[in-house]
Amino acid sequence: QVQLVESGGGLVQPGGSLRLSCAASGFTFSSYAMSWYRQAPGKERELVAAITITSFGASTTYADSLKGRFTISRDNAKNTVYLQMNSLRPEDTAVYYCNAAHVMIPARVYWGQGTQVTVSS
């Protein structure tokens, strides 16, 4: 049974930090690109960051507006992907979703249930 379980969300003040975790199970983690998406109220879901493993090492992608504040990483030994979020802003408030996409089979995509991040004073 495939599971993606996010944790680490919550309420944080502007300028603060949070680290989200996504624990994966039920599939071969190393065969999947892992991503974080977010969806704010009234807005479409958007890609935050993605990480995959290539023969040259980890390859990461970030939304242009988030570069320098957010960092994605993965631990294949723990089947976990992380999102370190620094200098948080009210506009970062959203539900953050973990996504797994097989690197060779485009239709094989899994989603977590999401974790709420609220940035407010």
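Our subject is the structure listed above.
For clarity, every value in this text was computed on a predicted model and none was experimentally measured.

Turning to the sheet that holds strand β3 (residues 18-25), a few remarks are in order. Strand order in the open sheet made by the four strands is β1-β3-β8-β7, with antiparallel pairing throughout. A strand with exactly one partner marks an edge of an open sheet, and here the two such strands are β1 (3-7) and β7 (70-75). Averaged over all pairs of adjacent strands, the angle between their axes in this sheet comes to 15°, without regard to strand direction. Across six bridges, the pairing between β7 and strand β8 (residues 80-85) is antiparallel. Considered in β8, the bridge of Ile72 is made with Leu83.

Moving on: the packing of aromatic side chains. Pairs of aromatic rings are described using the distance from one ring centre to the other and the angle between the two planes. For the structure on display, the rule yields five aromatic pairs. Taking the centre distance of 6.5 Å and the plane angle of 85° together, the rings of Tyr97 and Trp111 count as edge-to-face. Residue Tyr97 is found in strand β9 (residues 94-102), and its partner Trp111 is found in strand β10 (residues 109-111); the two are separated by 14 residues along the sequence. Trp111 sits in the partly exposed class, given a relative accessible area of 40%. In this structure an aromatic cluster arises from ring pairing among Phe27, Tyr32 and Tyr110. Taking NZ or CZ as reference, Arg45 lies 3.7 Å from the ring centre of Tyr97, over its face. Positioned above the aromatic ring of Phe29, the side-chain terminus of Arg74 is 4.5 Å from the ring centre.

Cut-offs and rules
Residues numbered from 1 in each chain as written. Predicted model: local features only at pLDDT ≥ 70, side-chain atom pairs only at ≥ 80, totals over all residues. Heavy atoms only, no water. Pairing = 2+ DSSP bridges. Helix = DSSP H or I, 4+ residues; strand = E, 2+ residues; numbered from the N terminus. Axes fitted to C-alpha atoms, helices over the stretch in contact; angles between N-to-C directions. Phe/Tyr/Trp six-rings, centres within 6.5 Å; stacked < 30°, edge-to-face > 60°. Buried < 20%, exposed > 50% of the residue type's maximum accessible area, 1.4 Å probe, protein only. Lys NZ or Arg CZ within 6 Å of the ring centre and 35° of its normal.

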